[in-house]
Amino acid sequence: MPLKNKANHEFRQLRVKIFLRTIAMLVISASIVYITYSVLLRGNFANLMMALLQNIFGMDYDAALNLYDRIFRSHMDAIILLSILVVFICLLSVFLHWITRYFEEINKGMETLLQDAPGEISLSPELLSIERKMNIAKHTFDRQKSDMLISEQKKNDLVMYLAHDLKTPLASSISYLNLLRDEKQISEELREKYLSISLSKAERLEDLINEFLEIAKYNLSTITLQYREINLTRLLEQLVYEFQPILEEKGLTCRLVAADDIMLNCDADKMQRVFDNLLRNAVVYSYDQTEITIEAERGDSGVTLQFSNHGGTIPKEKLERIFEQFYRLDTGRGTDGAGLGLAIAKQIVALHKGTITVASRDGLTVFTVTLPVL
C-alpha cells in the first residue's frame, strides 16, 4: 500500500469524526439562530416585553410599544448578528477544546516516551496509528537501552578480564625477580630457573596484551582485507605440520581430508589466524589419544571447512556464547588463553562475508566455516 493511501486509511476514523462534529455544530448554530430570529420577530417575546413594561414600570400601551420599538425592533439586525456571534464563539470554543484534547493525549504520550515510564502508551481509538508508532518507538528505545546496558557490562567485563589475566603473570614475574634481588646466596642453577620463569611470564604478558590489541583491531569497521588467491590445501597441510609438537604432547593425531589444490581468494594472513585458532581450540579440548579431523570441500557457492574433535559435549547454553569475547568453556582446564581466539575467528570470517558455526553432540564437536566465492 502506498504511503499516502496508508496514511489516509489510518486517519479515516478521525477524519469522519471531525466531519460529523462539524456538521453537528453547523446544525446547532443554525437552529439557535433560527430560534432566536423566530422568538424576536414572530414569537411571544414582544407581548412578554410589552406586559413587563406595562405591569412593572406602569407604562401605558403606546409608551411601552414605542420603547420596545426603539430598543428591539430598530436594532433587530444587530441583535441577530450578536446572537450568531455568541453562538459561534461558544461552539468554536467547544470544538477547539475537543480538537486540542487529541494534542494533549499525544503530548502525554510523548512525555511517557521521553520519561521512559513503564507500560504501554494508550491514546483514543481515532489515534490508533499514532499510538502504535509511539509504542514501536518505545520498544525500540527500551531495546536500545538494554543493548547499552549489555555493552556497558561488556566493558566492565573487559576491565575485569584485563585485571585478572594481566595480573597473574605480572605478579608471578615480580615475585621471582624479588627473590633474585633479595636472595644473596643463591645457586646458579636456581638463578637460571627463576630467570627462565620470569622471562616466560613476561612473554605470556606480552602475548595477552597482543591478543587484546588484536580483538580491538578486528572490531574496527575500517579494517581492509588484502585479497589474493591461495592454495587452501597447502595452507592446511602446513598448519597441521606446525602443530605436530603440540599434538604429540597429548598423543593426538590430525587427519586432513581435502582435494588437491583447492584454491581460495582471501586474505591469507587473517584466514590462517582463523584456522590456527580453530585447530588450537580443538587440541585444548580434545581427549588424549584421539583424532582431530580437518575437512575442506569446494562447492559451487564457496568453500566449506570443518574442524572436528572428540571431547566433552558442549552444553547448548555454552554453544550460544562460545564466540563471545573473553568467554572460556572451562576455566578449570588450566588453559591460559584470554578467551579471544574464537571471537577473533568469527570477526575475520565475517569480514570475508562468510559464516562460522559450531555443533556438539555425543562427544563430537564440529566447527564449520563457510566462505563464499569472491
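Residues numbered from 1 in each chain as written. Predicted model: local features only at pLDDT ≥ 70, side-chain atom pairs only at ≥ 80, totals over all residues. Heavy atoms only, no water.

## Considerations on the overall build of the protein
So, point 1. Looking only at helices and strands, the protein features 12 helices and 7 strands.
So, point 2. Counting only residues that meet the buried cut, the protein has 33% of its 374 residues in that class.
So, point 3. A separation of at least 24 residues holds for 67% of the contacts in the protein among residues at least 6 apart in sequence.
So, point 4. For the protein, the exposed area adds up to about 23900 Å²; of that, 58% sits on carbon and sulfur atoms. (Helix = DSSP H or I, 4+ residues; strand = E, 2+ residues; numbered from the N terminus. Buried < 20%, exposed > 50% of the residue type's maximum accessible area, 1.4 Å probe, protein only. Contact = heavy atoms within 4.5 Å. Areas by Shrake-Rupley, 256 points an atom, 1.4 Å probe, with all protein chains shown as cover.)

## Comments concerning the nonpolar core
So, point 1. Counting residues in each nonpolar core, the largest one holds 41 residues, and the members touching the most others are Leu-232, Phe-275, Leu-305 and Phe-307.
So, point 2. When contributions to this core are tallied by element, the ones reaching two or more residues are helix 8 (232–242), strand 3 (263–266), helix 10 (268–284), strand 4 (291–298), strand 5 (302–310), helix 12 (341–351), strand 6 (355–361) and strand 7 (364–372).
So, point 3. With 8 residues, helix 10 is the largest single contributor of residues to this core.
So, point 4. Core analysis: the second largest hydrophobic core is formed by 13 residues, Leu-14, Phe-95, Ile-121 and Leu-123 among them. (Core = buried A, V, L, I, M, F, W, Y, C linked by side-chain atoms within 4.5 Å.)

## A short note on the pattern of salt bridges
So, point 1. One pass over the full model with this rule turns up 9 salt bridges.
So, point 2. A salt bridge links Arg-181 to Asp-182; the nearest nitrogen and oxygen atoms lie 3.0 Å apart.
So, point 3. Asp-182 gets classed as partly exposed once you look at its relative accessible area, which sits at 48%.
So, point 4. For Arg-234, the salt bridge identified is with Glu-237, shortest N-O distance 2.9 Å. With a gap of 3 residues between them, Arg-234 and Glu-237 both fall in helix 8, about one helical turn apart. (Salt bridge = Lys/Arg side-chain N within 4 Å of Asp/Glu carboxyl O.)

## Some details on the side chain of Asn-135
So, point 1. Along the polypeptide, Asn-135 turns up in helix 6 (residues 128–182).
So, point 2. A distance of 3.4 Å separates polar atoms of two side chains, one belonging to Asn-135 and the other to Glu-120.
So, point 3. A polar contact is formed between the side chain of Asn-135 and the backbone nitrogen of Ile-121, at a distance of 2.8 Å.
So, point 4. Discounting chain neighbours no more than four positions away, the residues touching Asn-135 are Glu-120 and Ile-121. (Polar contact = N/O pair within 3.5 Å; in protein donor to acceptor, adjacent residues only side chain to side chain.)

## Some thoughts on helix 5 (residues 76–114)
So, point 1. Compared with the 57 Å implied by 1.5 Å per residue over 39 residues, the 56 Å span of helix 5 between its first and last C-alpha is a close match.
So, point 2. Buried within helix 5 we find Met-76, Ile-80, Ser-83, Val-87, Leu-91, Phe-95, Trp-98, Ile-99, Tyr-102, Glu-105, Gly-109 and Leu-113.
So, point 3. At the exit of helix 5 stands Asp-116, carrying a positive phi of roughly 55 degrees. (Expected span 1.5 Å × (residues − 1).)

## Considering the packing of aromatic side chains
So, point 1. A full pass over the atoms with the stated rule returns 2 aromatic pairs.
So, point 2. A ring pair is formed by Tyr-176 and Tyr-194, whose centres lie 5.3 Å apart and whose planes are at 50 degrees; its orientation type is tilted. Taken together, the residues span a long stretch of sequence, with Tyr-176 in helix 6 and Tyr-194 in helix 7 (residues 188–218) at a distance of 18 residues.
So, point 3. When the ring of Phe-275 is compared with that of Phe-307, the centres are 6.0 Å apart and the planes differ by 25 degrees; the resulting orientation is stacked. Remark: Phe-307 occurs in strand 5 and Phe-275 occurs in helix 10; sequence separation between them is 32 residues. (Phe/Tyr/Trp six-rings, centres within 6.5 Å; stacked < 30°, edge-to-face > 60°.)

## Quick look at the pairing of strand 3
So, point 1. In strand 3, alternate side chains face the same way, and those of Leu-264 and Cys-266 are buried while those of Met-263 and Asn-265 on the opposite face are not.
So, point 2. Sheet topology note: the strand 1 (residues 228–231)/strand 3 ladder contains 4 bridges and is antiparallel. Following the sheet pairing, Asn-231 is matched in strand 3 by Met-263. (Pairing = 2+ DSSP bridges.)

## Digging into the environment of Lys-270
So, point 1. For Lys-270, the location among the structural elements is in helix 10.
So, point 2. Assessed through its relative accessible area of 14%, Lys-270 is described here as buried.
So, point 3. A sequence separation of 79 residues divides Lys-270 from Val-349, and the C-alpha atoms of the two residues are 8.9 Å apart.

## So, the side chain of Ser-198
So, point 1. On the secondary structure map, Ser-198 appears in helix 7.
So, point 2. Excluding anything up to four places from it in sequence, Ser-198 contacts Ser-173, Tyr-176 and Leu-177.

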